[in-house]
Amino acid sequence: MTAVLLDNLGQFLSALGTFLTPLALFHMGWSTLLGIVIGALPGLTATMGVALVTTLTYKLNADLAILILMCVYVGAIYGGSRTAILINIPGTPANAATTLDGYPLAKQGLAGRAMGVATTGSVLGSVIGMFFLATLAPLLGNYALKFQSFEFFWLAIFGIVVSGHLTALQDPIKGWIAGFIGLMTAMVGQEGIHAYDRFTYGTTELMGGFALIPAMVGAFGFAEVLTVMRDPAGEMAGNPRDSVFPKLGDITKYWRTIIRSGLIGTVIGIIPGVGEDIGAWVSYAAARRKSKEREKFGKGSIEGLIAAETGNNAVVPGAIIPVLTLAIPGSAPAAVLLAAMFIHGVRPGPMIMVESPQFVYQVVAMVFYATLAMGLFGILLTKPLLTVLAIPRTKLMPVVFVLCAIGSYAITSRVFDIWVMIGFGLLGFVLREMKYPMAPLVLGIILGDLLDKNLRRGLVLTDGDITPFFTRPICLVLWLITAASILLTIEPLRRAVQRAWQAARPGRGQGR
Amino acid sequence: MIRADFVTGIVLILGSLYVIFESWRMPRMEHLGAHPLSVPGIVPAFLAAILIIFGGVLVIRSVMLGGHRLGLSAAKAREVLARPGNQRLLTTGVLTIGYAGILIGRVPYALATGLFIFAFIVLFEWKKGLAPARTARLVGCAAILAAAVTLLVSWSFERLFLVTLP
């Protein structure tokens, strides 16, 4: 065990050295800064930022391109806390829980303190997630080698159902519908077993299916432009006058909350297609449940703010774990990252620990540097960075849309991809208006091919016998969780299970 | 929302029925000796069947809450369209789709982009009764920003990323 840990540490240190070049440090700097700005600007999300920047990195080598995207991703999730604290509008959906205590703190004249706490939480969340990325990814990668068609089929269904459930807790069926629409979207184009063109109607542009990056730029970029222009503009609570330097006391006082939120964030990150916003909400809810200062939550609680920000940033490395080991994204920005890896010739998935184990540690090093840069910029450039919030949306949004259009076109130089961006933008806007979450849709588009090939392969292997789909150990666990996730949304059934659970624990049941 | 759910449910059911019909028409690859369970239509049909169930749940749920009474009328449509947020949305939709869907590919890229940014800023920032001096300033500002962004985007994509502009 010690030898394995030392080996891991050695590989990590060697990966750290890879990026200690002036060019890599330069890319790290500007991309993290850009990520923070993207996150801070209302209407520009982390997914949109990573998707747009992907279109700018085609000509770079894979290591630098992925490093830039990772820095944008980490920076954007952190940057969104600025807007959440000062304007009460989450810069990215990941910072929605941050508004609950961040904005009240700003109203009390403690905007600087709130930003310092957000910086502390974000850095520590990333560090906790990074630790698990370094230790769990190799283990999961080796375990994933046991997966066959049956397991991959259930992994796709499990991902869609669990992601759909967790991203639409009020109405899970909408999350599932979004996921299955995503899967259906992936059916367009040439299928991978007989090379038959499905739903292309003779259009050559559709033979390769809908390109992922234009679809994501549309669903997260164009849809966001429409939403931002429709909604009224937010008002700033006032510039911070107090110190933005993080306080050591916040870490020592709330260390339990920080570790708990980091763990929750990482686990939420590993679950396919759930993402940073859920990580923040679950961490926040857990912190409130366990807090001794519960009454302060929602009124400017430092503990609540630190929980939300630790939780959302811990999701980032967590979401990369399934990307590297299973080629399944843990969040929407991680989905773009996965697509970018494919574009740059990196093949994540179960074979990664066999073919290029060093890449896993390079990714850990990238997260490390991104976290370092995020912490530095967060402390040193907080006040100058706030000037970007003064840019009116009427000037920012046309520029964003110009980038959406040219970015979608630039991948293969096809005007058709601009139409794909527009189509997915409109679809994304309408679905969001009707409270359908976007993350399962994106996950569906990515997992469609995996589900398609593995269901058919599995059925051919067993000559139509579906028993192995339900009896193999990993399949059994996956389908049981999937079924429970669906069945427990049926109210009478859920109540019956709750009654049975309470009856089985008489000590607790009697007290209520 | 229950009315929207009702319409979504109907659209899902009809769309999924169409997918099943199309999947049924896909070749069975018998001439290649393919296994009948590996045919291309099997997975789309499976997904469509699940979406029909979800669509059905949406329809039943909304009908039980009275969502099938859509209550559409011209007066209501006018009222919805008159809301400032929806007017901004409509203007944004027309400008963005006009630019990306119609102008790009037909008009030189730089001209289309410059026009789009200029029109966007002027349309959203100009207000009735704005003093001539402020109007001139707004137009000047919009023109400078449009020119600067167009030049920067065109140059960086063409020279830096080696993309042939549309």
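Residues numbered from 1 in each chain as written. Chains lettered and ligands numbered in written order. Predicted model: local features only at pLDDT ≥ 70, side-chain atom pairs only at ≥ 80, totals over all residues. Heavy atoms only, no water.

**Some points on the overall build of chain B**
Working step 1: Counting secondary structure elements, chain B contains 6 helices and 0 strands.
Working step 2: Reading the helices (α) and strands (β) of chain B from amino to carboxyl end gives α-α-α-α-α-α.
Working step 3: Projecting the C-alpha coordinates of chain B onto the three principal axes gives extents of approximately 70 × 50 × 20 Å.
Working step 4: Across the 166 residues in chain B, those meeting the buried criterion constitute 40%.
Working step 5: Across chain B, contacts joining residues at least 24 apart in sequence account for 67% of those joining residues at least 6 apart.
Working step 6: Summed over its atoms, the accessible surface of chain B is roughly 9,600 Å², and 73% of this surface lies on carbon and sulfur atoms. (Helix = DSSP H or I, 4+ residues; strand = E, 2+ residues; numbered from the N terminus. Buried < 20%, exposed > 50% of the residue type's maximum accessible area, 1.4 Å probe, protein only. Contact = heavy atoms within 4.5 Å. Areas by Shrake-Rupley, 256 points an atom, 1.4 Å probe, with all protein chains shown as cover.)

**Quick word on the overall build of chain A**
Working step 1: What chain A contains, in helices and strands, is 24 helices and 2 strands.
Working step 2: The C-alpha extent of chain A, read off along each of the three principal axes, is 70 × 65 × 55 Å.
Working step 3: Expressed as a percentage of the 512 residues in chain A, the buried residues total 61%.
Working step 4: Counting contacts in chain A only where the partners sit at least 6 residues apart, residues at least 24 apart contribute 79% of the total.
Working step 5: For chain A, the exposed area adds up to about 19,200 Å²; of that, 66% sits on carbon and sulfur atoms.
Working step 6: Across chain A, the centroid of the 37 positively charged side chains sits 10 Å from that of the 27 negatively charged ones. (Lys, Arg positive; Asp, Glu negative; His and termini not counted. Charge placed at Lys NZ, Arg CZ, Asp CG, Glu CD.)

**Thoughts on the packing of aromatic side chains**
Working step 1: In total, this model carries 22 aromatic pairs over all chains according to the counting rule given.
Working step 2: On the numbers, 5.1 Å between centres and 80° between planes, the contact of A:Phe150 with A:Phe469 is edge-to-face. With A:Phe150 in helix α7 (residues 149-167) and A:Phe469 in helix α21 (residues 467-471), the pair connects residues that are 319 residues apart, well separated along the chain. Across this residue pair, the class does not change: A:Phe150 and A:Phe469 are buried.
Working step 3: Relative to B:Phe46, the ring of A:Phe153 has its centre 6.3 Å away and its plane inclined at 50°; by these criteria the two rings are tilted. (Phe/Tyr/Trp six-rings, centres within 6.5 Å; stacked < 30°, edge-to-face > 60°.)

**Let's talk about the pattern of salt bridges**
Residues and elements named next belong to chain A.
Working step 1: For the structure on display, the rule yields 18 salt bridges over all chains.
Working step 2: One salt bridge in this structure joins Arg 472 and Glu 151, with 2.8 Å as the shortest N-O distance. Separated by 321 residues along the polypeptide, Arg 472 in the loop between α21 and α22 (473-487) and Glu 151 in helix α7 bring together distant segments of the chain.
Working step 3: Note that Asp 449 and Lys 453 form a salt bridge whose closest N and O atoms lie 3.2 Å from each other. (Salt bridge = Lys/Arg side-chain N within 4 Å of Asp/Glu carboxyl O.)

**Details of the packing of helix α4 (residues 62-86) of chain A against helix α5 (residues 96-107) of chain A**
Residue and element names in this part refer to chain A.
Working step 1: At a closest axis distance of 7 Å, the pairing of α4 and α5 adopts a crossing angle of 55°. Classified by the angle between their axes, α4 and α5 sit oblique to one another. Helix-helix and strand crossings are classified by hand; for α4 and α5 the assignment is right-handed. Only Thr 98, Thr 99, Gly 102, Tyr 103 and Ala 106 of α5 make contact with α4, whose side of the interface consists of Ser 81, Ala 84, Ile 85 and Leu 86.
Working step 2: Grouping the amino acids of the contact of α4 with α5 by side-chain chemistry returns 5 nonpolar, 4 polar and no charged. (Axes fitted to C-alpha atoms, helices over the stretch in contact; angles between N-to-C directions. Parallel < 35°, antiparallel > 145°, perpendicular 65-115°, else oblique. Left-handed = near helix turned anticlockwise from the far one by under 90°. Nonpolar A, V, L, I, M, F, W, Y, C, P; charged D, E, K, R; others polar.)

**Quick word on unusual backbone geometry**
Residue and element names in this part refer to chain A.
Working step 1: The phi dihedral of Tyr 201 is positive, around 50°, even though this residue is not glycine.
Working step 2: Summarising the element assignment, Tyr 201 is placed in the loop between β2 (197-198) and α9 (212-230).
Working step 3: Given the relative accessible area of 53%, Tyr 201 is considered exposed.
Working step 4: With phi around 70°, Lys 435 is a residue other than glycine that occupies positive phi space.
Working step 5: Tracing the sequence through the fold places Lys 435 in the loop between α19 (415-433) and α20 (439-461).

**Observations concerning the interface of chain A and chain B**
Working step 1: Each partner contributes to the interface: chain A provides 60 residues, whereas chain B provides 61 residues.
Working step 2: B:Asp5 is paired through a salt bridge with A:Lys174; the nearest N and O atoms lie 3.0 Å apart.
Working step 3: Linking chain A with chain B are 13 residue pairs in polar contact (both at pLDDT 80 or more).
Working step 4: At the level of elements, α8 (172-185), α9, α18 (393-410), α19 and α20 of chain A are the ones that each hand at least two residues to the side of chain A that touches chain B.
Working step 5: Tallying contributions element by element places α18(A) first for the side of chain A that touches chain B, with 13 residues.
Working step 6: For the side of chain A that touches chain B, the residue count by class is 41 nonpolar, 5 polar and 14 charged. (Polar contact = N/O pair within 3.5 Å; in protein donor to acceptor, adjacent residues only side chain to side chain.)

**Re a nonpolar patch on the surface**
Residues and elements named next belong to chain A.
Working step 1: On the surface, Leu 487, Leu 488, Ile 490, Leu 493 and Val 497 cluster together into a nonpolar patch covering about 380 Å² of accessible area.
Working step 2: Here Leu 493 shows up in helix α23 (residues 491-504).
Working step 3: Among the residues examined, Leu 493 registers a relative accessible area of 37% and is labelled partly exposed. (Patch = residues over 30% accessible without salt bridge, like charges linked within 9 Å, V, L, I, M, F, W, Y side chains within 5 Å.)

**Points about the nonpolar core**
Working step 1: By size, the foremost hydrophobic cluster in this structure holds 182 residues, and its most contacted members are A:Leu133, A:Ile177, A:Phe180, A:Ile320, A:Leu324, A:Met421 and B:Tyr99.
Working step 2: The greatest single-element share of this core, amounting to 14 residues, is contributed by α4(A).
Working step 3: In contact with A:Met421, not counting residues within four places along its chain, are A:Pro214, A:Val217, A:Gly218, A:Phe222, A:Phe401, A:Cys404, A:Ala405 and A:Ser408.
Working step 4: A:Ile87, A:Ala114, A:Leu305 and A:Leu386 belong to the second-largest nonpolar core, a separate cluster that totals 19 residues. (Core = buried A, V, L, I, M, F, W, Y, C linked by side-chain atoms within 4.5 Å.)

**Considering the layout of surface pockets**
Residue and element names in this part refer to chain A.
Working step 1: Taken as a whole, the second largest pocket encloses approximately 1,200 Å³ of empty space.
Working step 2: Along its surface, the second largest pocket is lined by 46 residues, and Phe 342, Ile 446, Asp 449, Leu 450 and Lys 453 are the ones closest to its centre.
Working step 3: For the lining of the second largest pocket, the elements supplying multiple residues, two or more each, are α7, β1 (189-190), α9, α14 (332-343) and α20.
Working step 4: If one sorts the elements of the lining of the second largest pocket by residue count, α20 sits on top with 10 residues.
Working step 5: Per-class residue counts for the lining of the second largest pocket are 25 nonpolar, 11 polar and 10 charged. (1 Å grid on protein atoms, 1.4 Å probe; cavity = no way out; pocket = protein on both sides within 12 Å on 5 of 7 lines; lining within 4 Å. Points joined across faces, edges and corners; volume = space filled by probe spheres on them.)

**Observations regarding the side chain of A:Ser163**
Residue and element names in this part refer to chain A.
Working step 1: Within the secondary structure, Ser 163 sits in helix α7.
Working step 2: Overall, the relative accessible area of 0% leaves Ser 163 in the buried class.
Working step 3: In contact with Ser 163, other than residues within four places in its own chain, are Phe 158, Pro 272, Gly 273, Val 274, Ala 439, Pro 440 and Leu 443.

**Let's talk about empty space enclosed by the protein**
All names here are of chain A.
Working step 1: Throughout the structure, instances matching the rule amount to 1 cavity of 30 Å³ or more.
Working step 2: Estimates place the volume of the largest cavity at around 30 Å³.
Working step 3: Along the walls of the largest cavity sit Ala 215, Met 216, Ala 219, Phe 424, Leu 441, Val 442 and Ile 445, which together make up its complete lining.
Working step 4: Elements with a contribution of two residues or more to the lining of the largest cavity: α9 and α20.
Working step 5: Across the lining of the largest cavity, the residue classes tally to 7 nonpolar, no polar and no charged.

**Notes on helix α3 (residues 46-54) of chain A**
What sets the pattern is the α-helix's 3.6 residues per turn: residues three or four places apart point alike.
All names here are of chain A.
Working step 1: Counted residue by residue, α3 has 9 buried out of 9 residues, so it is predominantly covered.
Working step 2: Of all the positions in α3, only Ala 46, Thr 47, Met 48, Gly 49, Val 50, Ala 51, Leu 52, Val 53 and Thr 54 are classed as buried.
Working step 3: For α3, the elements touching its buried residues are α2 (22-40), α4, α9, α14 and α18.

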